[in-house]
Amino acid sequence: MNSLYYQKKLSRNVGDKFFTSLSVFCALIAILPLIFVVTYILIKGGAQITPELFTLEPNPPGDDLDAGGINPALIGTLVITTIASIIAIPVGVGGGIYLAEYSKGGPFSKFIRFGVNVLAGVPSIIAGVFIYALIVSTKILFGSMYSGFAGGMALSILMLPTVIKTTDEGLKLVPNELRYASLGIGASMYTTILKITLPTAFRSIATGVVLGIARAAGETAPLIFTALFSYYYIVGFEDLFYEMGSLAVLIYNFALEPYDAQNKLAWAASFILVISILTVNIFSRIFAVFTEKTKRV
Amino acid sequence: MIKNTKKSQKKNILSLEDVSISYGTFEAVKNVFLNFEAGDITSLIGPSGCGKSTVLRALNRMNDLIPNCSLKGTVLFDGTNIYDKRVDPVEVRRRIGMVFQQPNPFPKSIYENIAFGARINGFTGDMDELVESSLRKAAVWSECKDKLNDSGYSLSGGQQQRLCIARTIAIEPEIILMDEPCSALDPISTLKIEETMHELKKNYTIIIVTHNMQQALRVSDMTAFFNAVEYEDGDGGKVGYLAEFDSTKKIFNSPKEKTTQEYISGKFG
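Residues numbered from 1 in each chain as written. Chains lettered and ligands numbered in written order. Predicted model: local features only at pLDDT ≥ 70, side-chain atom pairs only at ≥ 80, totals over all residues. Heavy atoms only, no water.

## Thoughts on the overall build of chain A
Thinking step 1. Across its full length, chain A holds 10 helices and 0 strands.
Thinking step 2. Start at the N end of chain A and walk to the C end: the helices and strands fall as α-α-α-α-α-α-α-α-α-α.
Thinking step 3. Taken over the C-alpha trace, chain A has a radius of gyration of 24 Å; the compact-globule value for 297 residues is 19 Å, which it surpasses by more than 25%.
Thinking step 4. C-alpha extents for chain A along the principal axes are approximately 80 × 65 × 40 Å.
Thinking step 5. Classification of the 297 residues of chain A by burial places 39% in the buried group.
Thinking step 6. By sequence separation, contacts in chain A at least 24 residues apart represent 73% of the contacts at least 6 residues apart. (Helix = DSSP H or I, 4+ residues; strand = E, 2+ residues; numbered from the N terminus. Rg over C-alpha atoms; globule rule 2.2 N^0.38 Å. Buried < 20%, exposed > 50% of the residue type's maximum accessible area, 1.4 Å probe, protein only. Contact = heavy atoms within 4.5 Å.)

## Considerations on the side chain of Arg179 of chain A
Residue and element names in this part refer to chain A.
Thinking step 1. Along the chain, the position of Arg179 falls in helix α6 (residues 176–184).
Thinking step 2. Note on Arg179: relative accessible area 12%, which makes it buried.
Thinking step 3. Not counting residues up to four positions away in its chain, the partners in contact with Arg179 are Glu101, Leu171, Val174, Thr192 and Thr197.

## Some words on unusual backbone geometry
Thinking step 1. Here Leu228 of chain A, not a glycine, exhibits a phi torsion of approximately 55°, which is positive.
Thinking step 2. Locating Leu228 of chain A in the fold gives a position in the loop between α8 (221–226) and α9 (247–255).
Thinking step 3. Judged by relative accessible area, which is 30%, Leu228 of chain A ranks as partly exposed.
Thinking step 4. Phi at Glu172 of chain B is positive, roughly 50°, even though this residue is not glycine.
Thinking step 5. Within the element layout of this structure, Glu172 of chain B appears in the loop between α6 (157–170) and β7 (175–179).

What follows is the structure, given as structure tokens:
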């Protein structure tokens, strides 16, 4: 008869210990890159942060004394992501509504879902090349070539699948009883979606949209083909139709410069980009928790 | 079709003529003839899978929302076949409201839960008054009056269900359909809802599906007993049919059919 007490040397207990520690070890390794990357950027970039950074234009490479600031790139990233959001959010939410509420699971909606998944897997550079071929090289937008507008369109292609998917999934989580309740008292499909289903799913949709924006804001490759880069302040609406700087492309350009001042500027831009994406992610979590609480009074 | 002579002066408000309903190729219920009279509470009883809920949902076209569900025959409401191609299901549901098995208030305030339906139906009168009168009719006003701005979820299950009834009343339907409204509730809440139904009877026609035979006996004037039989080809599938329809008293005291007798005495179900 075996003793009922725990025996360390039993082969199943040894194996159990081994695999537990192995999985903990792997989990630690998985988190290491994140910790290293973020701390390295925080240390290297954090040291370069000055108030002028946010207000000045970058100086042309060659002047090793003072690299200037990143104001145009910062504003450019904001402008380009805003354009991307303006295009991707209505189209994506609309598409998601179609998939979740109107489509009856026929071949057409299956095709769209498949297409969305494919689009989500398309390398971001392809989106850039596509917009390059469609808008930049054809000069279709009032004769302008590289422009902030084209950059926004390229990023909107990358945001679209995230927005469609989260809308679709968010709406599917809304219990059918709620739809029936609304339809059962004579609401039309459109009132039901607008007044009942969408507000109920708002939290998950908003979280998905915010994550999509955060992803788009950090993209480099599509912008190299579309918005290119600019050293100059963005002053007016017409600047949308000219080359526009962005944090990601600034990092790409200046990190490759042989001058120390430009490299430092790239570190500073990395710092700001990482911090803002982290902030957006954390903000979306807090937002999710906050709305969750208010909903269940 | 057995007609109760005493009630023949009442007006037929809704009638099913040779209605068969299928989900895809599976026939759920077939050849139903039924007349609902205005001002009555009619209960639909029967064992699981006999199609009583399916029939109820067919009465205000909620079955449209279930993929593959199709209906043959005519459902006459107010002289119109509601399955006519020209009929707008939204309009049908405005005049035939529905209360569901699970209490399903909207994630809004109690006040908004009532006001929502009225507003989309173009109600222009005094909304405060409508909210109060609807909640009163559904016998939930005393519990709600001090917290109209709280979420509908803050109420107990029974209160939520009465809120759902109030929400349906607020659109002033002619008929209220109830799909096992008490099956998720405790006995005290059930009793309150039954009292509510007796109140509502003065103004509305009510059709209720219930698994609880005592409830059918307590609340309804007429009872329709549905049963299910195996297909003749014998592949094990069952199809529902209307076995007997009569006044509740007759169904429970002297049913004509043997299966009704067996069902109400608890021999199967």
